[in-house]
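Given next are the chains, with one letter for each unit.
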Amino acid sequence: MFKNPAELAERVLAGDPVTPDEALELLHTDDPGMLDLVAAAARLRREHFGMTVKVNYLVNLKSGLCAEDCGYCSQRLNAGTDILKYSWLSPEKAVEQAEYGIRGGASRVCLVASGRGPSNREVGNVTRTVEALKEQHPDVEVCACLGLLKDGQAETLSGAGVDAYNHNLNTAESHYESICSTHTYQDRVDTVERAKDAGLSPCSGLIVGMRETDEQLVEALFALRDLGSDSVPVNFLMPFEGTPLAGTWQLDPRKCLAILAVVRFVCPDKEIRMAGGREMHLRSLQPLALHVVNSLFLGDYLTSEGQAAQADLDMIADAGFTVLGAGPDSSREHGDAVPADPSNRAAPARTGQAGQAGPASTPCGSTCGTGGAAGPDAASGGGPAPFDPVSPDQGDGAAVPSAAQGPVPTQSAAPVSAALAALSSSGDGPERDEDDTRVRIELSPTVRRRGAGTEVAPNA
């Protein structure tokens, strides 16, 4: 066994990987040792990724309408969540949505559709979208996340220009039957293998906090390592009403930070992304987590609101990181705020180099996974979030400004943190643990009432 995390990091860098027992020991790091664990994981991160952060952006091609019963998902069969439901954005609308993220510095666009898996006709819908997106932004990576794939579908996607395919394992094989009965863990593994065989980069990760044990979490991490996942999104359960996992609060910020550090030790040279639920569970430790992970989603998720896009970009810069592919930020150097469009409308699409912020932006990185980053009930405890989805065509102050328009003003409908808005409106105060020394705050996810599928600009 290792003496300390720093020693273990040096051993990993020398080519000697951690064992499951060592990963479990790291996961059980106590509070006084947490910074040592983060520093050691950061050593691995810097060795492979320097001080860059990859920005990813989700486009929800098809929302809801899913017959699967995944216990964590707001889009599941008969879920009582108040989410937007629509079927298949047109290629033009999908490209328009993707460009919000591209202007904010995203170098990868994740095209996601709910459901068990696509028909061949639906794969055709996606390939037309990919071709349209690549025509305007040839250097942007495209990751597809469409569910379980049939024979030949991965090859079709690859031929159309898709670079990667996301299908999360979500949890350990020993725990899988507890969260889903309509498909199996092996079905998910088979889809990742199909994607790899077709030459697509495998993107597969986790949702943590689903009542798994620490041993099962480690089991899942080593399964991802064995699977050869190039990109590992780590989602934190958003326990929304209307699903079997409602009311499940297994995580706190320090636990989430330790989980991310252990993922880095197990998969030292892989892209690790803090994904859905980070605002709710990592909270004020998100900037510290950037020293462990090297990737995040910008703005909103599939069916839940994320942190405001400008807050994400500021967090990256304030922590000393740069967005992968972004140019210098002259406005930050001079301390000048970039003025927002006075009409507060969604800015028109702008073509340009992948990962390159537009002239009016700060340079800036389930969840890719069906339902994995979904959010449920409104912050007020029932019904939609307090946001009026007015079309940009209807006048002043209606649309949420895009990242390309500069900092989101404090009076904007996009809060710095949806989780904080949920806390302030819920009426629920903090709860003390039995030893009366720790405070646990339960926050309700905020359902996404803007973005893809509507005429309202997404939170980017």
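Cut-offs applied
- Residues numbered from 1 in each chain as written.
- Predicted model: local features only at pLDDT ≥ 70, side-chain atom pairs only at ≥ 80, totals over all residues.
- Heavy atoms only, no water.
- UniProt positions renumbered as here; feature names shortened; annotations may be inferred.
- Helix = DSSP H or I, 4+ residues; strand = E, 2+ residues; numbered from the N terminus.
- Buried < 20%, exposed > 50% of the residue type's maximum accessible area, 1.4 Å probe, protein only.
- Phe/Tyr/Trp six-rings, centres within 6.5 Å; stacked < 30°, edge-to-face > 60°.
- Lys NZ or Arg CZ within 6 Å of the ring centre and 35° of its normal.
- Pairing = 2+ DSSP bridges.
- Right-handed = clockwise from strand over helix to strand, strands pointing away.

What follows covers the UniProt feature "binding site: [2Fe-2S] cluster" (unreviewed entry) in the chain. When the UniProt feature table is mapped to this numbering, "binding site: [2Fe-2S] cluster" (unreviewed entry) covers Cys110, Cys143, Cys203 and Arg273. The largest pairwise C-alpha distance within this set of annotated residues, which runs over 164 residues, is 13.9 Å, so the set is compact in three dimensions. Relative to the elements of secondary structure, Cys110 occurs in strand S2 (residues 108-113). Mapping Cys143 onto the fold places it in strand S3 (residues 141-145). Relative accessible area serves as the criterion here: at 0%, Cys143 is assigned to the buried category.

All chains considered together, the criterion is met by two aromatic pairs. Arranged with centres 6.1 Å apart and planes meeting at 65°, the rings of Tyr176 and Tyr185 form a pair that is edge-to-face. Tyr185 carries the same exposure label as Tyr176, and that label is buried. Here Phe297 and Tyr301 contribute two aromatic rings whose centre-to-centre distance is 6.4 Å and whose plane-to-plane angle is 85°, an arrangement assigned as edge-to-face. Here Phe297 and Tyr301 have matching classes, each one buried. Directly above the aromatic system of Phe297 lies the positively charged group of Arg273, at a separation of 5.1 Å from the ring centroid.

Burial analysis of S3 places four of its five residues in the buried class, the great majority of the element. Taken together, the five bridges between S2 and S3 define a ladder with parallel strand orientation. In the strand pairing of S3, Leu111 is matched with Ala144. Handedness of the crossover joining S2 and S3 through helix H5 (residues 120-136): right-handed. As judged from the two bridges shared by S3 and strand S4 (residues 164-166), these two strands associate in the parallel manner. Looking at S4, one finds that Cys143 is bridged to Ala164. Taking the sense of rotation as the criterion, the β-α-β connection linking S3, helix H6 (residues 153-159) and S4 turns out right-handed.

As recorded in UniProt, the feature "binding site: [4Fe-4S] cluster" (unreviewed entry) lies at Cys66, Cys70 and Cys73. Residue placement: Cys66 occurs in the loop between strand S1 (52-62) and helix H4 (91-103). Looking at the element boundaries, Cys73 is found in the loop between S1 and H4.

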